Amino acid sequence: MVRRPYPTYRDQTYPPTAAVWRALRELRAAPPGYASSGSRQKLFSSALEQSEQLFTAAASVGPASRPLVLFYGLSQAGRAIAACAPVPMDKCRLNGHGISATRMDQPDLGSVIIKDKGAAGTESFTQVAAMLGSRSLPEETRLADVWAAILEVNLWPLQSTTHPQLSISRETHQVDANTLQAMVSGLPGALQKHSDPKDREQAVGAWLVDYPALNGYRFRSIGAIPDNGPESWDERQGTIGCRIVWDVEHGEEAAKHKFAEIAPWKGRSLTDSARVIHARFGGDDRQLHPLLAWWSVLFALSMLARYQPGQWTAQIDVNRSRDAVAIEYLLDSALAAVPELVLAAIDEVTA
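Predicted, not measured: the structure shown is a model, and the values here were computed from it.

(A) Here's a closer look at the overall build of the protein. When helices and strands are tallied, the protein shows eleven helices and nine strands. By the burial criterion, 51% of the 351 residues in the protein qualify as buried. For the protein, the proportion of contacts with a sequence separation of at least 24, taken over those separated by at least 6, is 69%. Of the accessible surface of the protein, which amounts to about 15900 Å², a share of 51% is contributed by carbon and sulfur atoms.

So this is what it looks like as structure tokens:
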């Protein structure tokens with residue numbers, strides 16, 4: 001798809017959100033992919049117009065109402081994505097949410113349960129997931145676990161988060177030509193208490209079991225740095241990182257392919273060599289597409305705000321709720337992060 005480069009957050013001329021919406025508005029005159037003409041063109045343009053208006057409105061309201069407006073803005077953007085995707089016409093007219101939220105009366109926000117409704121029909125969540133080549137949520141999943149999969153809010157996870165997202169950075173200095181070497185960061189600092197290198201590796205290995213994307217690795221220290229020196233382990237702000245290695249065949253290209261399998265999506269400000277992975281949840285070991293992680297969380301918060309207003313008011317009260325600041329941070333971050341992910345998703349389905 002051909003599109004003029006648009007100013008990003010690195011360009012000080014325009015605010016990043018305005019620049020992204022400008023790029024989305026430009027698409028409406030000549031929609032990409034299957035939305036280039038006919039009823040799909042009308043669906044694409046009108047859904048994006050509604051999405052933009054809803055996000056604009058969301059910026060002017062506080063946390064009490066913002067999740068409602070944000071979720072429906074994202075839902076309409078999903079219809080624009082579907083309109084230009086290479087799917088039959090009956091699949092691009094999304095109906096229903098395709099996702100549910102239960103246990104909303106729990107005092108712990110992270111204990112809210114999210115689950116998809118299956119892939120049959122034209123349910124929004126599961127159909128957009130299929131269009132983006134993403135896993136869905138076939139089994140019940142804690143809100144705290146999906147929240148932890150959102151790159152933009154990793155600084156403020158929910159209090160009940162047990163397995164945060166991890167950063168993974170590919171290193172160009174390889175052990176040999178047929179390996180992929182990476183630094184995985186963000187592990188709990190408590191794992192560093194093991195002074196014996198073998199005990200430490202066993203503890204870290206046991207903790208990483210819940211990150212199936214990393215399957216097949218070995219520690220960098222084994223056979224390379226026997227004394228488990230500083231090149232193998234890294235301490236930062238209460239967390240640790242370690243170098244791990246995968247054996248691959250056919251050199252550099254194979255290493256690039258393997259890294260893309262481990263961490264298929266990068267964040268807004270990350271490079272091809274720096275990405276994130278999240279822990280196992282929801283009955284599917286694959287990584288959840290960033291847009292679908294936002295979709296899940298905003299849906300759950302919108303249902304809570306709509307059907308449990310008293311509970312929601314308590315959750316966002318900074319004088320009573322330990323998760324209030326995390327909620328504020330997520331709702332603020334959504335205003336900029338979600339439109340950019342929508343633009344990227346349109347590129348993905350029309351590539």
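Picking up after the structure, the text goes on.
(B) Structural context of the packing of aromatic side chains. Evaluation of the coordinates by the stated rule reveals eight aromatic pairs. With a centroid separation of 6.5 Å and an interplanar angle of 80°, the aromatic rings of F71 and W295 are classed as edge-to-face. With a gap of 224 residues between them, F71 in helix α3 (residues 66-84) and W295 in helix α9 (residues 290-307) connect regions that are remote in the sequence. The residues F71 and W295 share a single accessibility class, namely buried.

(C) Local environment of the pairing of strand β2 (residues 113-116). Bridging between strand β1 (residues 99-102) and β2 involves four bridges; their strand directions are antiparallel. Residue T102 lies in a different strand from β2, and its bridge partner there is I113. Bridge count for β2 against strand β3 (residues 141-142) is two bridges, and the pairing is antiparallel. Its bridge partner being in β3, I114 is matched across the sheet by T141.

(D) Representation of the pattern of salt bridges. Under the counting rule described, the total for this entry stands at 14 salt bridges. A salt bridge links E52 to R25, with the nearest nitrogen and oxygen atoms 3.1 Å apart. Separated by 27 residues along the polypeptide, E52 in helix α2 (residues 38-58) and R25 in helix α1 (residues 16-27) bring together distant segments of the chain. With a relative accessible area of 15%, E52 lands in the buried category. Taking the relative accessible area as the measure of exposure, R25 reaches 45% and is therefore partly exposed. Through salt bridges with shared partners, one network takes in R25, R28, E49 and E52.

(E) View of α9. Under the 1.5 Å per step criterion, the end-to-end length of α9 is 26 Å for 18 residues, consistent within 8% with the ideal 26 Å. Burial analysis of α9 places 15 of its 18 residues in the buried class, the great majority of the element.

(F) Representation of the nonpolar core within the structure. Residues L143, W147, W294 and L330 are the most contacted members of the largest nonpolar core, which totals 77 residues. For this core, the elements supplying multiple residues, two or more each, are α1, α2, α3, β1, α5 (124-131), α6 (143-147), α9 and α11 (324-350). Per-element tally for this core: the top contributor is α11, with 14 residues. Those residues within four positions of L330 in sequence are excluded, and the remaining contacts are W147, I150, V153, W294, V297, L298 and L301. L166, L214, V248 and I277 belong to the second-largest nonpolar core, a separate cluster that totals 26 residues.

(G) Up close: the side chain of Q287. By secondary structure assignment, the location of Q287 is in the loop between β9 (274-277) and α9. One polar contact links the side chain of Q287 to the main-chain amide nitrogen of H278, over a distance of 3.0 Å. Residues contacting Q287, with those up to four places away along its chain left out, are S134, R135, A213, I262, P264, W265, V276, I277 and H278.

(H) Highlighting the sheet that holds β3. Spatially, β1-β2-β3 is the arrangement adopted by the three strands of the open sheet, whose pairing is antiparallel. Pairing within the sheet leaves two strands with one partner each, and these edge strands are β1 and β3.

The rules we used
- Residues numbered from 1 in each chain as written.
- Predicted model: local features only at pLDDT ≥ 70, side-chain atom pairs only at ≥ 80, totals over all residues.
- Heavy atoms only, no water.
- Helix = DSSP H or I, 4+ residues; strand = E, 2+ residues; numbered from the N terminus.
- Buried < 20%, exposed > 50% of the residue type's maximum accessible area, 1.4 Å probe, protein only.
- Contact = heavy atoms within 4.5 Å.
- Areas by Shrake-Rupley, 256 points an atom, 1.4 Å probe, with all protein chains shown as cover.
- Phe/Tyr/Trp six-rings, centres within 6.5 Å; stacked < 30°, edge-to-face > 60°.
- Pairing = 2+ DSSP bridges.
- Salt bridge = Lys/Arg side-chain N within 4 Å of Asp/Glu carboxyl O.
- Expected span 1.5 Å × (residues − 1).
- Core = buried A, V, L, I, M, F, W, Y, C linked by side-chain atoms within 4.5 Å.
- Polar contact = N/O pair within 3.5 Å; in protein donor to acceptor, adjacent residues only side chain to side chain.

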